[in-house]
Amino acid sequence: MIIAYLAGIFLLSILLATVIIPRILFISYKKRLFDVPDSRKVHKTPIPRLGGLSFLPVILIALCSVMGIRYYTNHPVDMLWASDLFIQYLFLIVGLTLLYLIGVADDLVGVGYRYKFVIQILAALLFPLSGLWINDLGGLLGLHEIPAYIGMPLTVFLTVYITNAINLIDGIDGLASGLSCIALGLLIIVCAIVGQWTHAFLAAATLGVVITFYYHNVFSVSGRKLFMGDAGSLTLGYILSFLVLHFWQKTQLWDPFTMNLNMVTVSTLLIPLLDVVRVFYSRVSEGRNPFTPDKNHIHHRLLRTGMRVRAVMITLLMLSLFFVVSNFILSFYINTTFMLLLDLAFWLTTHFIIRYFIMKHEAVTGKKWYKTYRNFFW
């Protein structure tokens, strides 16, 4: 029966998104609410960027509806309302609402990064306040249990980090939504395996609307494309951070470290997380504001090799799947520290390969992007 509820919440989310997203698309074109292209953006024609408006309403309607149906069909949800998990979900909804509103404002009229950053920190602070914070590293770098004065600030930092990573990787069609689909799919499987059904329901509700958006973003006919905007990417990043951080908190009833689940779940987000570090370092090393936008993300670098946008998207999704599958297999044989080191080594190797093909493409076209030798990697 629990599998039926999981499938039901996924299908309900798809149904709601299928109804709502075309209406958003219609209103966007009627009111001419477009994302106008500039020198930094890949698209060449004005495209609506309000697809993310559907995310939070669809997720809440699907999740709350199925939980209510479970209650009235005499399934055990009473323990949820009396547990810390209920408080965590209340604060999750508060944080999602804050980020959703600032995202909508940014999509419609534009909001400075400082204001968005403040709201992200406020939303991230709600996790430790609700009782969700990293209290164990599961042997990563030889560390296990950590005190609250380290774990709580670390939780806030990682929440802002993950939320921004999803927001910043949203640069070409299908990339942020595709990576999120892979992450959510794995989280559903892992949560179901360990019996964390409420989190599996949240991931399924989110996956349903993101898959529907992915279709409209990637496969819609010319002239009817839709971007998710900040309202969508911030919502996705916050939900993913909530689900992933759950696997870094050890309780009397829950130990996620016995199967190295902490690193397995993080592996779903490695591409956006590592890309943010590389891009920020590049900007700081050049004396620029790390929050200043540019065209140095991994998808931009792949485009410089001569690949088409669709090919870049597929390549990065395959790379993400490689991280997920390899880390899942490695979790049975090595500890989290060696797993992380192998991931970093593969990431560095990937960028040297990309740099090689950029130089090869530039040799053919006669274009030069890099200024100095230090840009060979960064």
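For the structure, see preceding data.
Structural notes, computed from the coordinates. (Residues numbered from 1 in each chain as written. Predicted model: local features only at pLDDT ≥ 70, side-chain atom pairs only at ≥ 80, totals over all residues. Heavy atoms only, no water.)

1. A few points about the overall build of the chain
Just so we agree on the cut-off: Secondary structure elements follow DSSP: runs of H or I no shorter than four residues count as helices, runs of E no shorter than two count as strands, and numbering proceeds from the N terminus. Only C-alpha atoms enter the radius of gyration; for comparison, a globular chain is expected to reach 2.2 Å times N to the power 0.38, where N is the number of residues. Residue burial is assigned from relative accessible area. The probe radius is 1.4 Å, only protein chains are included, and a residue is buried under 20% of its type maximum, exposed over 50%, and partly exposed in between. By the convention used here, residues are in contact when the closest approach between their heavy atoms is within 4.5 Å. The Shrake-Rupley method, run with a 1.4 Å probe, gives the accessible areas here. Residue values count only the displayed protein chains as cover.
A count of helices and strands for the chain gives 14 helices and 2 strands. Relative to its length of 378 residues, the chain is compact, with a C-alpha radius of gyration of 21 Å against a globular reference of 21 Å. Seen along its three principal axes, the alpha-carbon backbone of the chain occupies a region of about 70 × 55 × 35 Å. Looking at the chain as a whole, 53% of its 378 residues are labelled buried. In the chain, of all internal contacts separated by at least 6 residues, the share reaching a separation of at least 24 is 72%. Of the roughly 17,500 Å² of accessible surface on the chain, a fraction of 70% belongs to carbon and sulfur atoms.

2. A few points about the environment of Trp 347
If you trace the backbone, Trp 347 turns up in helix α14 (residues 336-365). Taking relative accessible area as the criterion, Trp 347 reaches 4% and is therefore assigned buried. Separated by 77 residues in sequence, Trp 347 and Leu 270 place their C-alpha atoms 9.1 Å apart. Ignoring any residue separated from it by four or fewer positions in sequence, one finds Trp 347 in contact with Ile 271, Leu 274, Asp 275, Ile 298, Leu 319 and Phe 323.

3. Overview of the packing of aromatic side chains
Spelled out, the test is: Pairing of aromatic side chains here covers Phe, Tyr and the six-membered ring of Trp, requires ring centres within 6.5 Å, and sorts the geometry by plane angle: under 30 degrees stacked, over 60 edge-to-face, intermediate tilted. Only when the NZ atom of a Lys or the CZ atom of an Arg is both within 6 Å of the ring centre and within 35 degrees of the ring normal do we say a charge sits over the ring.
Under the definition given, this model contains 13 aromatic pairs. Both rings, one in Trp 248 and one in Phe 257, keep their centres 6.4 Å apart while their planes meet at 75°; by these two values the pair is edge-to-face. Judged by its relative accessible area of 8%, Trp 248 falls in the buried class. You can call Phe 257 buried: its relative accessible area is 13%. In this structure, Arg 70 is placed above the aromatic ring of Tyr 5, and the distance from its NZ or CZ to the ring centre is 5.7 Å.

4. A word on the environment of Leu 15
Tracing the backbone shows Leu 15 in helix α1 (residues 2-31). Take Leu 15: its relative accessible area is 53%, and that puts it in the exposed class. In the structure, Leu 15 is positioned 36 residues away from Gly 51 in sequence and 15 Å away in space, judged by C-alpha atoms.

5. Describing the packing of α1 against helix α2 (residues 55-72)
Between two packed helices, both the angle of their axes relative to each other and the distance between the axes serve to describe the pair. Here is the rule we go by: In this analysis an axis means a line fitted to C-alpha atoms, helices contributing only their contacting stretch, and an angle means the value between N-to-C directions, from 0 to 180 degrees. Two helices crossing with the near one rotated counterclockwise from the far one by less than a right angle form a left-handed crossing, whereas a clockwise rotation gives a right-handed crossing. Just so you know the grouping, Ala, Val, Leu, Ile, Met, Phe, Trp, Tyr, Cys and Pro go in nonpolar, Asp, Glu, Lys and Arg go in charged, and all remaining residues, Gly too, go in polar.
At a minimum axis separation of 9 Å, α1 and α2 run at an interaxial angle of 145°. Regarding α1 and α2, the two cross each other, and that crossing is right-handed. Contacts between α1 and α2 pair Ile 2, Tyr 5, Ile 9, Leu 12, Ser 13, Leu 16, Ala 17 and Ile 20 from the former with Val 58, Ile 61, Ala 62, Leu 63, Ser 65, Val 66, Ile 69 and Arg 70 from the latter. A class-by-class count of the residues in the contact of α1 with α2 yields 13 nonpolar, 2 polar and 1 charged.

6. As for the packing of helix α7 (residues 175-193) against helix α9 (residues 229-245)
Here is the rule we go by: For classification, angles of less than 35 degrees are called roughly parallel, those exceeding 145 degrees roughly antiparallel, those between 65 and 115 degrees roughly perpendicular, and all remaining angles oblique.
Interaxial distance between α7 and α9 falls to 11 Å at its minimum, and their mutual angle equals 30°. The angle between α7 and α9 falls in the class roughly parallel. The chirality of how α7 crosses α9 is left-handed. Contact residues: Ser 180, Ala 183, Leu 184 and Leu 187 in α7; Leu 236, Leu 240 and Leu 243 in α9.

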